[in-house]
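# An overview of the molecular structure
Listed below are the residues making up each chain.
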Amino acid sequence: YLSNPLLWSIAPAPDGSVWVGGSNGVDAWTGERFERRVAGAQLPHPEAYSLLVESGQTWIGTRAGVAVLRGGRVETPALLSAMRGAQVNGIVRDRGGRLWFATTQGLFLLDTAGELVRYTEHDGLADPRVRVVHETTDGRVLLGTYRGLYEWRDGRILPVGRQTGLADDMMISAFVELEDGRWVAGSTSGEDLRIFDGQRWHRLGRD
């Protein structure tokens, strides 16, 4: 059984197991049962809000920064101390090896040289609270925020959708890219989905 049934995140592992982050740590489904991986007391905050499971290490985003599980030990790298006051909503490693952190205090990028860069309102975001980071199949890095969809492009933060039917103030809380190339954005602000066909965004409502 799960150590706690209230879950915030779910992530696949390279070995085929499935990891889940809950309100009191991290568990993993091994095919027959859930096994404890990290207790909530070992984390900066007991709620494991986001996960990225890699070979040899697992990145755990909490409501108070990031921890890393390596060799059975939980670490809180000093390099990531700038995120200690932030809720980490998402963690993504792109094809180039860079790590992206969607947080309530902006977008954080850990590049391959080991430098952590933060992007906030001063860099183009209308609201620093980032909910989602997504790398598209053609390598674009998209950001779903509390106020609109953005793209990180060569160190710049640019709005996406403004000219194609997506409102600037729409809260983007979920994002997926379909096999045919269309984008789907979920929002809590309008209780609907928006689908981008390459030309325009279309609303998919309850009806």
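Residues numbered from 1 in each chain as written. Predicted model: local features only at pLDDT ≥ 70, side-chain atom pairs only at ≥ 80, totals over all residues. Heavy atoms only, no water.

### Quick word on the pairing of strand β4 (residues 34–39)
Formally: Here the rule is simple: two strands pair whenever DSSP picks up at least two bridges between them. Where helices and strands are cited, they refer to DSSP runs of H or I of at least four residues and of E of at least two residues respectively, numbered from the N terminus.
As paired elements, strand β3 (residues 25–29) and β4 share five bridges and run antiparallel to each other. Its bridge partner being in β4, Gly25 is matched across the sheet by Ala39. From the end of β3 to the start of β4, which pair antiparallel, there are four residues, and Gly31 there has a positive phi angle of about 115 degrees.

### Remarks on the packing of aromatic side chains
Here a ring pair, both rings aromatic, is described through the centre-centre distance and the interplanar angle of the planes. Note the following rule: Within 6.5 Å between ring centres, the rings of Phe, Tyr and Trp (the latter by its six-membered ring) count as paired, and their orientation is classed by plane angle as stacked under 30 degrees, edge-to-face over 60, tilted in between. Think of it in three bands: with a 1.4 Å probe and only protein chains considered, a residue is buried below 20% of the maximum accessible area for its type, exposed above 50%, and partly exposed in between.
Under the criterion given, the structure shown has eight aromatic pairs. Here the aromatic rings of Trp100 and Trp152 are separated by 5.0 Å at their centres, their planes lie at 70 degrees, and the arrangement is edge-to-face. A residue pair is termed long-range when its members are at least 10 positions apart, and Trp100 in strand β10 (residues 99–103) and Trp152 in strand β15 (residues 148–153) qualify at 52 residues. As far as the burial class goes, Trp100 and Trp152 line up, both buried.

### Description of the sheet that holds β15
Here is the rule we go by: Lines fitted to the C-alpha atoms define the axes, with helices restricted to the stretch that makes contact. Angles between their N-to-C directions range from 0 to 180 degrees.
Spatially, four strands are ordered β13-β14-β15-β16 in an open sheet, and the strand pairing comes out antiparallel. A strand with exactly one partner marks an edge of an open sheet, and here the two such strands are β13 (130–135) and β16 (156–160). Looking at each pair of strands side by side, their axes are set apart by 30 degrees on average, direction ignored. In terms of strand pairing, strand β14 (residues 141–145) meets β15 through five bridges, oriented antiparallel. Directly across from Leu142, in β15, lies its bridge partner Glu151.

### Considerations on the sheet that holds strand β18 (residues 183–187)
The sheet built from four strands is open, its strands ordered β17-β18-β19-β20 with antiparallel pairing. This sheet does not close on itself; its edge strands, each paired only once, are β17 (172–177) and β20 (201–204). Each strand axis lies, on average, 25 degrees off the axis of its neighbour in the sheet, ignoring direction. The pairing of strand β19 (residues 192–196) with β20 spans four bridges and is classified as antiparallel.

### Details of the environment of Pro44
Following the sequence through the fold, Pro44 ends up in the loop between β4 and β5 (48–54). Sequence separation between Pro44 and Arg200 is 156 residues; the distance between their C-alpha atoms is 42 Å.

### Observations concerning the side chain of Arg194
Rule in force here: We call two residues in contact whenever any of their non-hydrogen atoms come within 4.5 Å of each other.
Turning to its location among the elements, Arg194 is positioned in strand β19. Here Arg194 is in contact with Gly165, Leu166, Met170, Trp183, Val184, Ala185, Trp201, His202 and Arg203, once residues within four sequence places are set aside.

### Some remarks on the pattern of salt bridges
The condition that has to hold: Here a salt bridge means any side-chain nitrogen of Lys or Arg lying within 4 Å of a carboxyl oxygen belonging to Asp or Glu.
Using the criterion set out here, one finds 13 salt bridges in the structure. Glu35 serves as the salt-bridge partner of Arg37, at 3.3 Å between the closest nitrogen and oxygen. A relative accessible area of 29% places Arg37 in the partly exposed class. Notably, a salt bridge pairs Asp180 with Arg182, separated by 2.9 Å at the nearest N-O pair. Among the charged side chains, a network of salt bridges with common partners joins Arg33, Glu35 and Arg37.

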